[in-house]
Structure formats: structure tokens, C-alpha cells
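Structural overview
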Amino acid sequence: MSWLTVRGFSELNHVVLYGVAAVPGDKSISHRALMLGGLAEGTGRIEGFLPSGDCLATMGCMRQLGVEIEHATAGSATTLIVHGRGLRGLKAPLAPLDCRRSGTTMRLLAGILAGQTFDSVLTGDPQLLRRPMRRITQPLSTMGARIEETDGHGPLVIHGQGKLHGSEHVLTVASAQVKSAILLGGLYADGPVTVQLPGPARDHTERMVAAQVEYPAGGPSPLTYDMCTARLDPARIRRLRPIDRVVPGDISSAAFLVAAALALPGSEVTIVGVGVNETRTGLLDVLVEMGALLTLEDRREQGGEPIADIRLRASAIRPAEIQGDTVVRMIDEFPILAVLATQAEGTTVVRDAAELRVKETDRIAMVAVELSKMGASIEPRPDGFVVKGPTQLTGGEVDSHGDHRLAMALAIAGLVAKGETTVLGAECIPDSFPGFVEALNSLGAELRHGI
Ligand code: S3P
């Protein structure tokens, strides 16, 4: 077990963040780049890959499925060469595929593996095996997949069917992972597959498949999609072209630096090259409503995704009410939103966010338990939470419960708190943001690793 010590506010010390920072590559896009790179025909390249615990789990699984993946230059973890084997070229794995703590790895790979001609097993850490999998095994089964699970949980034993069936899916949860599992399974279907979601979930799978898919000239693309629907017609797919992708900075990692810069008086920070896909920018919209001095500069496109530099100045924060579609567009940002809400002048309310209960931890319960230890006034609700601010948080000992985003949110709480904070269970931070401590320290914070 490792921990993080965070120096907060004291008579002698005010943490002020100043300067320019970059964040590592987007986690969702990095996973998908490895999978779609492996299913492509031919050798491709991924630049800006995120070498985090979760994405390295996907890399390990793809290698076990026969995909050769190299580092472009010795010592560079972020530029990869992927030797795609084609949609029908994966090899039967010789052992269970270890997804570690990565829900994206297990759920998306299940879609791909259901359509193979061989059997496979997806397993992982106990934390992952507690997360719900019926949401993907059920729609995949209606496509003809044969997947054994235990009470809706992994490990998943997948009996490859070679072919799946065209089908129509109406989801009750706006989950990009479920949508993606269905679409990836759809690559192996004998007819069109459609997915309809109750709200806009991230569309990286669609963007990436659309960019790689090769189809007969003159006709429409085999994949059409908008904010809440996607339709794939596999009969029109000739092959997937080699992956060629530059991964933008992860907005879900940038969120921690954004919150810290807004909450620490005197701070001025720019975060460069962050992905600002509309399906991911719910937090930025909410922050602007909360009075954040935040601007997006130099908007441009990189590798099929919009990116921008996020410029921030410390701000007086107002409370917000967050619900509906916005929740999905910032689904990973609620632990850090809760921290910022403790500094807002008034009551912040989050609704329609029951999904937070089935993330790496029950994020509604755990955020409330841990922030309360620091003096926050936070009340959990079945589908969200209520935070009353402003509170001068007090440093102390808090626990990540093995959840990377909770660990990082608590570290940022430590920066605005009085005294020193110790975040136990900090070893999970590199699951999504390797270099988190270094990025904050380069801007003027004082965080130290302990083992
Ligand atoms: C992800 C989708 C989200 C998100 C997760 C990554 C993805 O999960 O919470 O961190 O890459 O598709 P859900 O789709 O289950 O909401």
C-alpha cells in the first residue's frame, strides 16, 4: 500500500498553482486504439497512448490474442506500433485474459470476443469482479453470444460463436461501454445492429470505427451515428484500415488540475492539448455556470477529435444543480466536482447520477464518507449528493478505497485544506493518470509519495 502526503494551507503557506501543464493521453481512446488497431488489417501507429494501469491491461489482453505491439522508440511508452491481424485474425488465448481493474477492458473486449471462433475467459481484480456485467452480457446474448457469468459478474467465460446476429437495442442506461460492446460485437453480426441510448454518451468508438472502416465506394458509411443512436451495417465493411491516431490529453485527468487551479486563490494555469469532445465536456459547462474563469483557447482538431488549451484563473465559485444529460457528459468527474462544491458559496445538488454507485467504488457513498472526514458537509442521496459550502476543509487521513479518481480528488481536497493530508491507497492513481503528482508539483504544489 502506498500513500500520498499533500501539503495544504497554513499560516506560512498558501498553495498557488502557476504555469503550463499537459495531461497524458485519453484513457477511453487509448483502450479503443489498441483494440481497433489489433482488429485492423496492417501495421498502424498510436501517438500519445496513455500507459496507465487500465490501458496496459488492454495491451496485455491484445497481446495474448496474438496482436504484436511495439514501442516506436526504446524508452517511449506513448508511441506504439500495432500490427493489426484483421477482423478474423485474432488467436485463441492460452490463458484467461486479465483486465485488472479496468471495466472498459472487460466490457469492450467481451463484445469483440463474443464474435470470435474460439473460447476465452475475461477476469480481473476483485474490485472489477464486483462490477455489473449483465448490462453487456444481456444485449450480447440477444445477438446470439454465449457468455457465462456469475450472478451478473465476471469472470466472463465467452464461447465464441463466430457470427452474431443483427439486432436492435434500446438501452436504459446511457453507457458508452455498453454501446461500444454492442457495436464491436456488431462487427461480427450477420445484419445491421442499432443502439439507442437515453442520453449522449461518449462517441469515441463511433468516431474511430468510422475513420478506419473501408467500404465499397459510392455507398454510405457502414456506421452512422448521432448523439444518442448508432447503426452499424457489417455487411458493408470490407476491412478496418490500420490505426493511425494521435490521442488527445484526457479531459477526465485535466479535471483535477482544473479544479485545483480554480480553488486555490491566485492560481493561473493553462492545460494544453486537452480533448474537448462535446460528449465529455459536461464538467466545463457546469464550471462556467459556477462562475469559473475558464476559457478554451486555440480550438483545433487532432486525430479526429476536437482539442483545445484550457486557460484557468482562480475563481469565486457558485453552487450548481447538475442533472439529466449533463451527468453522462461528466460521469467520471463527480468526485472532483464534490471537492469543488465544498468551496462554493451555497448548496450544490447532483441528481440522476445513480450510475456513480457502480464505478470503481460506490462513488456516492465513498466521496461522502471521505470528504466528511475532512469536515465537508456532504449528504449522499440514492442518485447523487448534496454539498453545502463553503467549508474550510481540514487535512487528515483519508482513503482511496482503491479508486483512482477518488484518490486524486482527495489529494486536491488536501491542497485546499488546512494542514497536511495523507491519502492512503495512492497506488491506484496510475490506473488513469500516471504523472499526477509530478504535474501538480510542476505547477507549485507539494505532494509526496510514500511507500
Ligand atoms: C468509459 C465510459 C464510462 C466511464 C468510464 C470509461 C468508456 O463508463 O465511466 O470511465 O471508455 O467507454 P460507462 O459507459 O459505463 O458510463
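Rules used in this analysis
- Residues numbered from 1 in each chain as written.
- Predicted model: local features only at pLDDT ≥ 70, side-chain atom pairs only at ≥ 80, totals over all residues.
- Heavy atoms only, no water.
- Helix = DSSP H or I, 4+ residues; strand = E, 2+ residues; numbered from the N terminus.
- Rg over C-alpha atoms; globule rule 2.2 N^0.38 Å.
- Contact = heavy atoms within 4.5 Å.
- Near = heavy atom within 4 Å.
- Polar contact = N/O pair within 3.5 Å; in protein donor to acceptor, adjacent residues only side chain to side chain.
- Areas by Shrake-Rupley, 256 points an atom, 1.4 Å probe, with all protein chains shown as cover.
- Nonpolar A, V, L, I, M, F, W, Y, C, P; charged D, E, K, R; others polar.
- Domains from an automatic or database assignment.
- Pairing = 2+ DSSP bridges.
- Buried area = accessible area lost by both parts, 1.4 Å probe.
- Salt bridge = Lys/Arg side-chain N within 4 Å of Asp/Glu carboxyl O.

**Brief notes about the overall build of the protein chain**
- Looking only at helices and strands, the protein chain has 14 helices and 26 strands in total.
- For the protein chain, the C-alpha radius of gyration of 22 Å lies close to 22 Å, the compact-globule estimate for 451 residues.
- For the protein chain, the C-alpha atoms occupy an extent of roughly 65 × 45 × 40 Å along the three principal directions.
- Excluding contacts between residues fewer than 6 apart, the proportion of contacts in the protein chain whose partners are at least 24 apart in sequence is 76%.

**Some points on the site of the ligand**
- The environment of the ligand is formed by S28, R32, T104, S175, A176, Q177, R202, I331, D332 and K359.
- At 2.7 Å, a side-chain N or O of S28 approaches an oxygen atom of the ligand.
- A distance of 2.8 Å separates an oxygen atom of the ligand from a polar backbone atom of A176.
- For the ligand, whose unbound accessible area comes to 380 Å², protein coverage reaches 95%.
- Elements supplying a minimum of two residues to the shell around the ligand: α1 (27–39) and α6 (176–186).
- For the shell around the ligand, the residue count by class is 2 nonpolar, 4 polar and 4 charged.
- For the shell around the ligand, the two domains that each supply at least three residues are domain 1 (3–25 + 248–450) and domain 2 (27–246).

**Description of the pairing of strand β21 (residues 346–350)**
- The pairing of strand β20 (residues 321–322) with β21 spans 2 bridges and is parallel. When the sheet's bridge partners are listed, I322 is paired in β21 with V350.

**Here's the deal with the domain arrangement of the protein chain**
- The assigned domain composition of the protein chain is domain 1 (3–25 + 248–450) and domain 2 (27–246).
- The straight-line distance from the C-alpha centre of domain 1 to that of domain 2 is 29 Å.
- On the domain 2 side, the residues contacting the 33 residues of domain 1 number 28 residues.
- Summed over both partners, the interface of domain 1 with domain 2 comes to about 2400 Å²; 47% of that surface belongs to carbon and sulfur atoms.
- Taken together, the connections running from domain 1 to domain 2 amount to 5 salt bridges.
- Our enumeration of links across domain 1 and domain 2 arrives at 16 residue pairs in polar contact (both at pLDDT 80 or more).
- Only β19 (305–313), α10 (325–328) and α13 (404–416) provide two or more residues apiece to the side of domain 1 that touches domain 2.
- Along the lines of polarity and charge, the residues of the side of domain 1 that touches domain 2 split into 9 nonpolar, 10 polar and 14 charged.

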